[in-house]
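So you can see what is in the structure, the chains are spelled out below.
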Amino acid sequence: MDSNAWTIKRVIDWTRGDLERHGDEHPRLSAEWLLSAVTGKSRVQLYLDYDQPLEPAELAAMRAAIQRRRAGEPLQYVTGEMPFRHIVIHCERGVLIPRPETEVLVDAALEGVAAARARRPEPEPEPEDAAAAEAAEGLAAEAGDGPEGGADPAGGPAPIEGAHAGPDPATLPDSWVRVADICCGTGCIALSVAGETEASAVWAGDLSPAAVSLTERNRDALGLQDRVAVAEGDLYGALPEGLRGTLDVVVSNPPYIPSAVVPTLPDEVVGFEPGLALDGGPDGLDIFRRLLDGAPAWLAPGGMLCVELFEESLDDACDLVRAQGGWASVEARDDLAGRPRVLVAVREG
């Protein structure tokens, strides 16, 4: 082998040193991520193929990626993706990058889904002949002989036709749990909830057209079109009117950084991520107040509100919930680093 060939090992070593000189806090990890994105190999596969030379096109793509990372562009934008819980989410400029602490928010939402399911009565068993007929219809549909459209043979919702395909509140079985993800960004929350639960439907909305488009593409890549609807709109304005008063969980990672704190964030954040998704007003609670105002009208009795917030805003947010009234409980939960991060409130009833 040519001793001057740019093998995977040589590229990783060179990139690590270069990014370290340019101030990257995790230069080797960055080098591996970049090369994984360029070659399509997992990080494990890179080490199994350590001596493999890169193709000219891969070298050119790697050079371009290194230049973007040198300039401080977040890895998630350069590589175009990041892992989140059990899925891989596509990322792009103009949409907030998911953070690890948001996984705690998803945990809270999943608790709300489980609590809602526990409140529902067990569905009555169908007559044996009806169940057999339904099974036969399902087999016929799989073979291409059954009717097209309509409800899922397994009892799921019928999808809505159109650009924002997804579950239809009018045809959703009563036994299904209803979740809204407001300020959905990449869709990481909505898609995690839908992917990690059964018999649940999620409506995701965002004011940003770029976020709506990205969530749709992430949803479609994961095959969750019949479980997740996506729409553009301002907070609850993105939701179908038919959901009013029926939601079991409202979950949100809204803009929550206090305005005075935004300029102090790392350059990697303020220089590349959208300000619309960061600035939460003077105390970081501007959007939260609006979420809270609408929650009683949209949540079902016993429904849960889960919101990620700035650590120094949690106490004030909890006080706002208590002052509103009609809530059975409210608490602040810590993130993975032990900082207050998520408000969880449950409606009375």
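Reading guide: rules and limits
Every chain is numbered on its own, with residues counted from 1 as its sequence reads. Local features in this predicted model are restricted to residues of pLDDT 70 or higher, and side-chain atom pairs are both shown and tallied only at a pLDDT of 80 or more, whereas totals for entire chains, interfaces and linings draw on every residue. Side-chain measures here rest on the full set of heavy atoms in the structure, leaving out hydrogens and waters. Stacked, tilted and edge-to-face are the three classes applied to pairs of Phe, Tyr and Trp rings, where Trp contributes its six-membered ring and a pair requires centres within 6.5 Å; stacked means planes under 30 degrees apart, edge-to-face means over 60, and tilted covers the rest. A 1.4 Å probe rolled over the protein chains alone gives each residue an accessible area, and that area as a share of the maximum for its type sets the label: buried under 20%, exposed over 50%, partly exposed in between. Here a strand is any run of E in DSSP of at least two residues, a helix any run of H or I of at least four, and the numbering for each starts at the N terminus. Only when the NZ of Lys or the CZ of Arg is both within 6 Å of the ring centre and within 35 degrees of the ring normal is a charge said to sit over the ring. Within this scheme, the nonpolar core is defined by two criteria: the residues are buried Ala, Val, Leu, Ile, Met, Phe, Trp, Tyr or Cys, and they are joined through side-chain atoms within 4.5 Å. The criterion used for residue contact is that any of the two residues' heavy atoms lie within 4.5 Å. Angles run from 0 to 180 degrees between N-to-C directions of axes, and those axes are lines fitted to C-alpha atoms, restricted for helices to the stretch in contact. Note on angle classes: values under 35 degrees are labelled roughly parallel, values over 145 roughly antiparallel, values of 65 to 115 roughly perpendicular, and the remainder oblique. A clockwise turn of the near helix away from the far one marks a right-handed crossing, whereas an anticlockwise turn of less than a right angle marks a left-handed crossing. Scored from 0 to 100, pLDDT reflects the predictor's confidence in each residue. Whenever a carboxyl oxygen of Asp or Glu lies within 4 Å of a side-chain nitrogen of Lys or Arg, that contact is scored as a salt bridge. In this analysis, strands are considered paired if DSSP registers two or more bridges between them.

With that settled, the discussion passes to the packing of aromatic side chains. Counted under the stated rule, the structure contains three aromatic pairs. Pairing Trp6 with Trp14 gives two aromatic rings, centres 6.4 Å apart and planes at 90 degrees, and the pair type is edge-to-face. With a relative accessible area of 30%, Trp6 lands in the partly exposed category. Taken together, a centroid distance of 5.7 Å and an interplanar angle of 10 degrees make the contact between Tyr236 and Trp298 stacked. Here Trp298 lies in helix H11 (residues 286–298) and Tyr236 lies in the loop between strand E5 (228–232) and strand E6 (247–252), a separation of 62 residues in the sequence. For the pair Tyr236 and Trp298, a shared accessibility class is recorded, and that class is buried. Above the plane of the ring of Trp6 lies Arg10, whose end atom (NZ or CZ) is 3.8 Å from the centre. We note Arg347 situated over the ring of Trp327; from NZ or CZ to the ring centre the distance is 4.7 Å.

If you look at the biggest cluster of nonpolar residues, it comprises 41 residues, and the most contacted ones within it are Tyr236, Phe288, Leu305, Leu309 and Leu343. Of all elements in the fold, only strand E3 (177–182), strand E4 (200–206), E6, H11, strand E7 (299–308), helix H12 (314–324), strand E8 (327–334) and strand E9 (340–347) reach the threshold of two or more residues within this core. With six residues, the top contributor of residues to this core is H11. Ignoring any residue separated from it by four or fewer positions in sequence, one finds Leu343 in contact with Phe288, Leu305, Cys306, Val307, Leu309, Leu314, Ala317, Cys318, Val321, Val330 and Glu331. Ranked by size, the runner-up nonpolar core spans 37 residues in total, among them Ile97, Cys184, Val212 and Met304.

Bringing the packing of helix H1 (residues 8–21) against helix H4 (residues 56–70) into the picture now. When two helices pack together, their arrangement is given by the angle between their axes and by how far apart the axes lie. One way to put it is that H1 packs onto H4 with a least axis distance of 11 Å and a crossing angle of 20 degrees. In terms of orientation, H1 and H4 fall into the roughly parallel class. Here H1 runs over H4; the crossing is right-handed. In this structure, H1 contributes Val11, Trp14, Thr15, Asp18 and Leu19 to the contact, and H4 contributes Leu59, Met62, Ile66, Arg69 and Arg70.

On to the confidence of the model for the protein. Taken residue by residue, the protein gives an average pLDDT of 89. The fraction at 70 or more is 86%. A low-confidence stretch, residues 139–154 (pLDDT under 50), is modelled with 10 contacts involving residues beyond four sequence positions or located in other chains.

According to the stated counting rule, one finds 30 salt bridges in the structure shown. Residues Arg43 and Glu32 are paired through a salt bridge, measuring 2.9 Å at the closest nitrogen-oxygen approach. Note that Arg43 is positioned in helix H3 (residues 43–48) and Glu32 in helix H2 (residues 27–39), a separation of 11 residues in sequence. We classify Glu32 as buried; its relative accessible area is 5%. Of the charged contacts in the structure, one is a salt bridge between Asp335 and Arg339, with a shortest N-O distance of 3.7 Å. Judged by relative accessible area, which is 7%, Asp335 ranks as buried. A relative accessible area of 35% means that Arg339 is categorised as partly exposed. Connected through shared salt-bridge partners, Lys9, Asp13, Arg28, Glu32 and Arg43 make up one network.

This part is about the pairing of E7. In regular strands, side chains alternate between the two faces of the sheet. Most of E7 sits inside the fold, with nine of its 10 residues counted as buried. Two elements, E6 and E7, share five bridges in a ladder whose sense is parallel. Residue pairing across strands places Ser252 opposite Val307, the latter belonging to E7.

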